[in-house]
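Listed below, chain by chain, are the residues.
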Amino acid sequence: MPTFAENYRAADLTFDDNGIYWVNPENDETYQVMMDWEQPIMDKMAEFCVSEGDDVLEIGFGMGILSDAIQSKKPNSHTIVECHKDIIPKLKAWAEDKPNVIIIEGLWIELLDKYGKYDAIIQDTYGDEYRHALRPLVERHAKSTCKVSYWNNDSDLGFDKVEHHEVSINPPDNKYYTKDIYKVPLVNYTS
């Protein structure tokens, strides 16, 4: 029987101005992948992690909200890893006029040999059964100092000294986050 994550990766996605959705064949329920109310969260992640001239690794493109926030910081390079067949064409279209963007297609955990070294590593994936492996990825691909952030499901993912910065949000009814405060995690990683 396929896992939740496998069902998601195989699903046909629906896109509108407010979000990305899919129907799980296991229970015929609609799930939100990402929604536009996350804008303040994504803006803070980029603000805390990215400086002009940085080399940035972003894991998960989604709606491109975080990608836009990263690009506004004028990074030297911006590597984006995406695995969903329906999101990849949107990522490619978004990147057409951005020569500093490097696209890597596939599951991030299976592509470790394709990554360079980064000043910032930000993970915002959906239904990711490999989230626990973020720290080993950072240990392998961070420059001597690196800022790290990730979607916060109330887990430190094995990092020491995680700072949390509160952001006020107003999410509509959804299946993945319902609080009015979100704590953006920030790790100042040094090797």
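Structure report, in brief.

### Observations regarding the layout of surface pockets
- Counted as a void, the largest pocket has a volume near 460 Å³.
- Lining the largest pocket we find 30 residues, and of these Asp124, Thr125, Tyr126, Gly127 and Asp128 sit closest to its centre.
- Looking at the lining of the largest pocket, the elements with two or more residues in it are helix H1 (4-10), strand S3 (29-35), strand S4 (55-59) and strand S5 (77-82).
- No other element matches H1, which puts three residues into the lining of the largest pocket.
- Tallied by class, the residues present in the lining of the largest pocket amount to 16 nonpolar, six polar and eight charged.

### Focus: the packing of aromatic side chains
- Considering all chains together, one arrives at 14 aromatic pairs under this definition.
- A centroid spacing of 4.8 Å and a plane angle of 65 degrees characterise the contact between Tyr8 and Tyr126, whose relative ring orientation is edge-to-face. You can see Tyr8 sitting in helix H1 and its partner Tyr126 sitting in the loop between strand S7 (118-123) and helix H5 (134-141), a full 118 residues away along the chain. In this pair, the class of Tyr8 matches that of Tyr126, namely buried.
- Ring pairs connect the aromatic residues Phe4, Tyr8, Trp22, Tyr31 and Tyr126, which therefore count as one cluster.
- Lying over the aromatic face of Tyr31, Lys175 brings its terminal NZ or CZ to 5.5 Å of the ring centre.

### Comments concerning the sheet that holds strand S1 (residues 14-16)
- Pairing is antiparallel across the open sheet formed by three strands, whose spatial order is S1-S2-S3. The two strands at the open ends of the sheet, each matched to only one other strand, are S1 and S3. Strand-to-strand, the axes of this sheet are offset by a mean angle of 25 degrees, without reference to chain direction.
- One ladder, built from six bridges, connects strand S2 (residues 19-24) with S3; its direction is antiparallel. By the bridge assignment for S3, Val23 is matched with Thr30.

About the criteria used
- Residues numbered from 1 in each chain as written.
- Predicted model: local features only at pLDDT ≥ 70, side-chain atom pairs only at ≥ 80, totals over all residues.
- Heavy atoms only, no water.
- 1 Å grid on protein atoms, 1.4 Å probe; cavity = no way out; pocket = protein on both sides within 12 Å on 5 of 7 lines; lining within 4 Å.
- Points joined across faces, edges and corners; volume = space filled by probe spheres on them.
- Helix = DSSP H or I, 4+ residues; strand = E, 2+ residues; numbered from the N terminus.
- Nonpolar A, V, L, I, M, F, W, Y, C, P; charged D, E, K, R; others polar.
- Phe/Tyr/Trp six-rings, centres within 6.5 Å; stacked < 30°, edge-to-face > 60°.
- Buried < 20%, exposed > 50% of the residue type's maximum accessible area, 1.4 Å probe, protein only.
- Lys NZ or Arg CZ within 6 Å of the ring centre and 35° of its normal.
- Pairing = 2+ DSSP bridges.
- Axes fitted to C-alpha atoms, helices over the stretch in contact; angles between N-to-C directions.

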